[in-house]
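Topology and contacts: notes
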Amino acid sequence: MYQWFRNTHLVAGLLAVPFVLMYGLSAVQMSHAGWFSLKPTVTEITVSLGSSPVNDGRALARILMDQNHLRGEIRQVKATDSGFQLQIDHPGTVYRVEYSSQTHQAAIRTSVAPFMGMLNRIHHIAGLRNASFIMDVWGGWVVAVSLCLFVLGLTGIYMWFRLYQERVIGSILLAVSLGYSLTLILLIRAA
Amino acid sequence: MYLGLLCWSILFVYGIAGLTATVFRAGPPGPHFQSSEVRMESFVPPVNQTDKEVADAVWRTLQIPLTGPPPEYAVRRDRQNNLEVSFWTTNGPTTATVLEQQNQLRIESHRNTIWAYFNNLHSTTPRDRPYDWRIRLWAYYNEFAIWALLSMALSGVYLWVSSRPRHLLAQIVLGLSFISFLVLYVVTR
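Nothing here was measured: the structure is a model prediction, and the numbers come from that model.

1. Structural notes on the overall build of chain A
What chain A contains, in helices and strands, is five helices and five strands. Listed N to C, the secondary structure of chain A is α-β-α-β-β-β-β-α-α-α in terms of helices and strands. For 191 residues, the compact-globule formula gives about 16 Å, and the C-alpha radius of gyration of chain A, at 24 Å, lies well above that figure. Along the longest, intermediate and shortest principal axes, the C-alpha atoms of chain A span 80 × 40 × 30 Å. Here chain A holds 191 residues, and 32% of them are scored as buried. Across chain A, contacts joining residues at least 24 apart in sequence account for 54% of those joining residues at least 6 apart.

Right, here's the structure in full:
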């Protein structure tokens, strides 16, 4: 029995480890934003869109996506004096598009986050009905890692309990931890 | 092991947060609130004050649990030019609208479901400089747990490598998860 719990603990831990490291590192970044530079790499291109004007921001986004200039979700569409502006977000990448209906050209400004910024964005991916299959796979891993945390907690507590020489110190630590955290969880919820 | 025992309950908070984020993103928007309430309260705005100062007066009047003085970004004017002040807590948001001509406050408050509550708990860190002592203590615990989680992940791999590195299933699982992560990262990038 003990061996089964030990193997399960090992497998769940190793399955989750790259994702737990990602969540941990990005949590440190979010908690201490000043420690890391999140200055994005910015590139700009201008795309000609033929002779007929595009009158709708979503249609423009579609054209640019089909031409492989960008991908992601439309976050903002705003009319301007000369045409309109779009913002399209993809985890770690922000596209700002300025379309001129006079010149029929779209200026695309692409900001790509550095490694820690990318981890930050990945940290926020969730759900199983996203716009893209890749996001759904990330969402699937969120579920798997969450379940692994439950498994690690339950198998870990069993394995600790079987280590007789660690029961006293472990009981004290667990009591302190549960007393502190559960009291706060209840107090905050009841506030 | 000691870190695991110290962070045992928060492991479940993180797990619940992950599942909650999955369910909320999967379904229609709006299931975060367990209940909502709109009420009116008398309020005479102090004269010759800025919007921020009036917002602070609203905060002192309402004394919403877990909140601190509203930051600048939580103070704005709505389409009718009424001052609107947002208060955010782990239990749910409250918006107070100052109806100056009627000397009234319109207070719209929402209470999060228990799942959204856990989701908020997992993202509460000292970075937000929590005003309330309960939130502050939780934020310190969360900060500790973040570092503990990183330490446990690394020490767990070390314990495996130093005790039974030839465990075939463990090798396969670690390879699978690392390759999945790298492929997903590259494709997403």
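2. Remarks on the overall build of chain B
Within chain B one finds six helices and five strands. Taken from the N to the C terminus, the helices and strands of chain B come in the order α-α-β-α-β-β-β-β-α-α-α. For a compact globule of 189 residues, the expected C-alpha radius of gyration is about 16 Å, and chain B comes in at 23 Å, more than 25% above that figure. The principal-axis extent of the C-alpha atoms belonging to chain B is close to 75 × 35 × 30 Å. Buried residues in chain B amount to 30% of all 189 residues. Intrachain contacts of chain B at a sequence separation of at least 6 include 53% that bridge at least 24 residues.

3. What to know about the sheet that holds strand β4 (residues 93–100) of chain A
Backbone-to-backbone hydrogen bonds pair the strands of a sheet. The strands run either parallel or antiparallel. Residues and elements named next belong to chain A. Spatially, β1-β5-β4-β3-β2 is the arrangement adopted by the five strands of the open sheet, whose pairing is antiparallel. Because the sheet does not close on itself, it has two edges, and the strands there are β1 (41–48) and β2 (73–79). Pairwise comparison of adjacent strand axes, ignoring direction, gives a mean angle of 15° for this sheet. Lying over the sheet, helix α2 (residues 57–66) contacts β1, β2, β3 (83–90), β4 and β5 (105–112), oriented at roughly 55° with respect to β3.

4. Considering the packing of helix α1 (residues 2–31) of chain A against helix α6 (residues 168–188) of chain B
Orientation of α1 of chain A relative to α6 of chain B, taken along the N-to-C sense of each, is 20°, at an axis distance of 8 Å. Overall, the two elements α1 of chain A and α6 of chain B adopt an arrangement that is roughly parallel. The handedness of the crossing between α1 of chain A and α6 of chain B is right-handed. On α6 of chain B, the residues touching L10, V11, L14, L15, V17, P18 and F19 of chain A of α1 of chain A are L169, A170, V173, L174, S177, F178 and F181 of chain B. Considered class by class, the residues forming the contact of α1 of chain A with α6 of chain B number 13 nonpolar, one polar and no charged.

5. Examining the interface of chain A and chain B
Taken together, the contacts link 53 residues of chain A with 52 residues of chain B. Of all elements in the fold, only α1, α3 (115–123), α4 (133–162) and α5 (167–190) of chain A reach the threshold of two or more residues within the side of chain A that touches chain B.

6. Overview of the nonpolar core
Nonpolar side chains in soluble globular proteins tend to end up buried together. Residue and element names in this part refer to chain A. Core analysis: the biggest nonpolar cluster contains 55 residues, and A16, V20 and V145 have the highest contact counts within it. With eleven residues, α1 is the largest single contributor of residues to this core. The residues contacting A16, other than those within four sequence positions of it, are V145 and C148.

7. Concerning the pairing of β3 of chain A
Residues and elements named next belong to chain A. With six bridges joining them, β2 and β3 adopt antiparallel strand pairing. Residue V77 lies in a different strand from β3, and its bridge partner there is L86. Between the end of β2 and the start of β3, which pair antiparallel, lie three residues. If you look at the hairpin formed by β3 and β4, you'll find two residues sitting between the two strands, and G92 has a positive phi there, around 85°.

8. Structural notes on α2 of chain A
All names here are of chain A. Looking at α2, one finds that the buried residues are G57, L60, A61 and L64. Along the axis of α2, the buried positions cluster into a sector of 100°, meaning they face one direction only. Residues of α2 that are exposed and angled more than 90 degrees away from the buried face: R58, A59 and D66. Where the residues of α2 are buried, they touch β1, β2, β3, β4 and β5. One or two residues past the end of α2 sits N68, with phi positive at roughly 65°.

9. Notes on the pairing of β1 of chain A
All names here are of chain A. With zero of eight residues buried, β1 lies mostly on the surface of the structure. Pairing of β1 with β5, which is carried by eight bridges, proceeds in the antiparallel orientation. For V47, the partnering residue across the bridge sits in β5 and is A106.

10. Some points on α3 of chain A
For α3 of chain A, every residue scored as buried is listed here: G117, M118, L119, N120, I122 and H123 of chain A. Tucked into the core, α3 of chain A has its buried residues touching α1 and α4 of chain A together with α6 of chain B.

11. What about the confidence of the model for chain B?
Per-residue confidence for chain B gives a mean pLDDT of 90; residues scoring 70 or more make up 96%. Predicted complex, confidence summary: ipTM 0.86, pTM 0.84.

Rules used throughout
Every chain is numbered independently, its residues counted from 1 as its sequence is written. Whichever chain is written first is A, and whichever ligand is written first is 1; the rest continue in order. With the structure being a predicted model, the display of local features is reserved for residues of pLDDT at least 70 and the display and counting of side-chain atom pairs for 80 or more, all residues being used for whole-chain, interface and lining totals. Strands here are runs of E lasting at least two residues and helices are runs of H or I lasting at least four, both read from the DSSP assignment and numbered beginning at the N terminus. Radius of gyration means the value over C-alpha atoms here, while the globule rule gives 2.2 Å times the residue count to the 0.38 power. Buried means a residue has 20 or more other C-beta atoms within 10 Å of its own C-beta, exposed means 12 or fewer, and partly exposed covers the counts in between; C-beta atoms are placed from the backbone. For the purpose of contact definition, each residue receives a C-beta atom placed from its backbone, and two residues are in contact when these atoms lie within 7 Å. Following DSSP output, two strands are said to pair if at least two bridges run between them. The axes used here are C-alpha line fits, helices contributing only the stretch in contact, and every angle between their N-to-C directions lies in the interval 0 to 180 degrees. An angle counts as roughly parallel when it lies under 35 degrees, as roughly antiparallel when it exceeds 145, as roughly perpendicular when it falls between 65 and 115, and as oblique in every other case. Whether a crossing is left-handed or right-handed is set by the direction in which the near helix is turned from the far one by less than a right angle, anticlockwise for left-handed and clockwise for right-handed. In the scheme used here, Gly and all other residues not listed as nonpolar or charged are polar, with Ala, Val, Leu, Ile, Met, Phe, Trp, Tyr, Cys and Pro taken as nonpolar and Asp, Glu, Lys and Arg as charged. Put simply, a nonpolar core is buried Ala, Val, Leu, Ile, Met, Phe, Trp, Tyr and Cys residues tied into one set by C-beta atoms within 7 Å. By definition, the arc is the one covered by directions from the helix axis to the C-beta atoms. pLDDT is a residue-level measure of predictor confidence that goes from 0 to 100.

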